[in-house]
Amino acid sequence: MAGIRTVSWRMAVAAIAAFVLVSTAIVIVVRSDGLPAVDATASRATRWFVHQGTGRVVLVDGFSGRALARLDTGADGAPIGVAEGAAGAYLLNGTTAEA
C-alpha cells in the first residue's frame, strides 16, 4: 500500500467536465448535416395567407417564415379567401362567390 495515490475531488470533477464537453462536441458534429432549413425546397412548405385589412394575399415559406410574394387583390373591402389545389391557388371573393 505504499505506492497508492488518491485522486482529489478537483481532478475527478475536471475529468467529468472534460468528458461531458468532448461528448457534447461529438454529438453536435455528428448530428449537424450542414443544410439550413431555409434552403429546403418542398411544394408543401409554402402557403398562401389572406390579410383582410390590406386586401393582400401573401405567399409564406413554411421553413423560414418569410414572405415570398405579396399580391394586391383589389377586393375593395370584400371578404376574400384562398383555396389551394393541385393546379394552383385560387382567390375567392366571399361577397360575389367568384373565384
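Worth saying up front: this structure is predicted, and the values here are computed from it rather than measured.

Conventions and cut-offs
Residues numbered from 1 in each chain as written. Predicted model: local features only at pLDDT ≥ 70, side-chain atom pairs only at ≥ 80, totals over all residues. Heavy atoms only, no water. Patch = residues over 30% accessible without salt bridge, like charges linked within 9 Å, V, L, I, M, F, W, Y side chains within 5 Å. Areas by Shrake-Rupley, 256 points an atom, 1.4 Å probe, with all protein chains shown as cover. Salt bridge = Lys/Arg side-chain N within 4 Å of Asp/Glu carboxyl O. Helix = DSSP H or I, 4+ residues; strand = E, 2+ residues; numbered from the N terminus. Buried < 20%, exposed > 50% of the residue type's maximum accessible area, 1.4 Å probe, protein only. Pairing = 2+ DSSP bridges. Axes fitted to C-alpha atoms, helices over the stretch in contact; angles between N-to-C directions.

K.L.:
Quick one: what's the story with a nonpolar patch on the surface, residue by residue and with numbers?
P.N.:
A cluster of nonpolar side chains, namely Ile16, Phe19 and Val20, defines an oily patch on the protein surface of about 330 Å² accessible area. Mapped onto the elements, Phe19 comes out in helix α1 (residues 9–31). Looking at Phe19, the relative accessible area reads 59%, which means it is exposed.

K.L.:
Residue-level account of the pairing of strand β5 (residues 89–93), with values.
P.N.:
Bridging between strand β4 (residues 80–84) and β5 involves five bridges; their strand directions are antiparallel. When the bridges of β5 are listed, Ala83 appears paired with Tyr90. Connecting β4 to the antiparallel partner β5 that follows it, the hairpin turn spans four residues, and Gly88 within it adopts a positive phi of roughly 150°.

K.L.:
Explain the sheet that holds strand β1 (residues 46–51) residue by residue, including any values.
P.N.:
Taken in spatial order, the three strands make up an open sheet running β1-β2-β3, and their pairing is antiparallel. Every other strand in the sheet has two partners, leaving β1 and β3 (67–72) as the edge strands with one partner each. Ignoring which end each strand starts from, the neighbouring axes of this sheet average 20° apart. Sheet topology places strand β2 (residues 56–61) next to β3; five bridges connect them, and they run antiparallel. Its bridge partner lying in β3, Arg56 is registered against Asp72.

K.L.:
An account of the pattern of salt bridges is requested, with residue identities and associated values reported.
P.N.:
Tallied over the entire structure, the rule returns one salt bridge. A salt bridge links Arg56 to Asp72; its shortest N-O distance comes to 2.9 Å. Highlighted residues: Arg56 in strand β2 and Asp72 in strand β3, separated in sequence by 16 residues. Assessed through its relative accessible area of 60%, Asp72 is described here as exposed.

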